[in-house]
Amino acid sequence: MKVNAEKINKLRSLFPQTIHVNVIPCDDGGYTVIIHDFPGAVTQAKNLADLIYMVSDCVATILEIPGKYLSYMPSYLPSLELAQALNSFPAIRKEKEAELSIEGKIACAKN
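Residues numbered from 1 in each chain as written. Predicted model: local features only at pLDDT ≥ 70, side-chain atom pairs only at ≥ 80, totals over all residues. Heavy atoms only, no water.

Caption draft 1: Fine view of the sheet that holds strand 3 (residues 41-45). If you walk across this open sheet you meet the 3 strands as 1-2-3, and the pairing is antiparallel. Every other strand in the sheet has two partners, leaving strand 1 (21-25) and strand 3 as the edge strands with one partner each. Here the strands of the sheet are splayed against their neighbours by 20 degrees on average, with no regard to which way each runs. Summarising the sheet, strand 1 and strand 2 (residues 31-35) pair through 5 bridges and their orientation is antiparallel. Paired with Asn22 across the strands is Ile34, a residue of strand 2. Where helix 2 (residues 48-62) meets the sheet, it contacts strand 1, strand 2 and strand 3, and its direction lies at approximately 155 degrees from that of strand 3. (Pairing = 2+ DSSP bridges. Helix = DSSP H or I, 4+ residues; strand = E, 2+ residues; numbered from the N terminus. Axes fitted to C-alpha atoms, helices over the stretch in contact; angles between N-to-C directions. Contact = heavy atoms within 4.5 Å.)

Take a look at the structure:
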């Protein structure tokens with residue numbers, strides 16, 4: 001297949017540089033992803049790799065990217081922080097300085 005670079009670049013320019021999503025854990029261990037930049041856009045994923053594929057595919061579908069050009073389109077990658085929150089990438093262990101108190105209240109960290 002002859003590659004039409006001009007067409008590919010035009011289609012790639014349709015993709016927003018960043019998108020805003022909510023990643024919701026499901027009972028089965030997977031995720032539901034709501035893509036706020038495209039009203040009504042929702043997809044599901046089994047794991048982090050699937051999340052990358054499914055979100056990118058969902059956006060390509062909404063933008064009506066022809067199938068023959070899909071392999072040339074960008075993929076949306078989650079931040080390291082999100083990957084760690086999804087337990088898909090190990091957290092970097094760092095030295096942490098803290099103050100401990102015998103009489104202090106026990107506080108739970110909020111996510």
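Caption draft 2: Structural view of unusual backbone geometry. Here Glu64, not a glycine, exhibits a phi torsion of approximately 55 degrees, which is positive. If you trace the backbone, Glu64 turns up in the loop between helix 2 and helix 3 (80-85). Taking relative accessible area as the criterion, Glu64 reaches 68% and is therefore assigned exposed. (Buried < 20%, exposed > 50% of the residue type's maximum accessible area, 1.4 Å probe, protein only.)

Caption draft 3: Main features of the pairing of strand 2. The element strand 2 is extensively covered by neighbouring structure, given that 4 of its 5 residues are classed as buried. Two successive antiparallel strands, strand 1 and strand 2, enclose a turn made up of 5 residues, where Gly29 displays a positive phi of approximately 95 degrees. Two elements, strand 2 and strand 3, share 5 bridges in a ladder whose sense is antiparallel. Bridge assignment links Val33 to a residue of strand 3, and that residue is Thr43. Counting the residues between successive antiparallel strands, the hairpin from strand 2 to strand 3 contains 5 residues, one of them, Gly40, with a positive phi of roughly 85 degrees.

Caption draft 4: Structural detail: the nonpolar core. Phe15, Ile35, Val59 and Ile65 are the most contacted members of the largest nonpolar core, which has 23 residues in total. Counting residues per element, the ones that place at least two in this core are helix 1 (5-12), strand 2, strand 3 and helix 2. Among all residues touching Phe15, those that are not within four sequence positions of it are Ser56, Val59, Ala60, Leu63, Ile65, Met73, Pro74 and Tyr76. (Core = buried A, V, L, I, M, F, W, Y, C linked by side-chain atoms within 4.5 Å.)

Caption draft 5: Structural detail: helix 2. A rise of 1.5 Å per residue sets the reference length of helix 2, with its 15 residues, at 21 Å; its end C-alpha atoms lie 21 Å apart and thus fit the reference within 8%. Here the buried face of helix 2 lies against strand 1, strand 2, strand 3 and helix 3. Of the residues that open helix 2, the one with a side-chain oxygen 3.2 Å from the backbone nitrogen of Ala49 is Asn47. Of the residues one or two after helix 2, Glu64 is the one with positive phi, at around 55 degrees. (Expected span 1.5 Å × (residues − 1). Polar contact = N/O pair within 3.5 Å; in protein donor to acceptor, adjacent residues only side chain to side chain.)

Caption draft 6: Expanded view of the side chain of Ser56. For Ser56, the position within the fold is in helix 2. At 2.9 Å, the side chain of Ser56 forms a polar contact with the backbone oxygen of Ile52. Setting aside residues up to four positions removed in sequence, Ser56 forms contacts with Phe15, Pro74, Ser75 and Tyr76.

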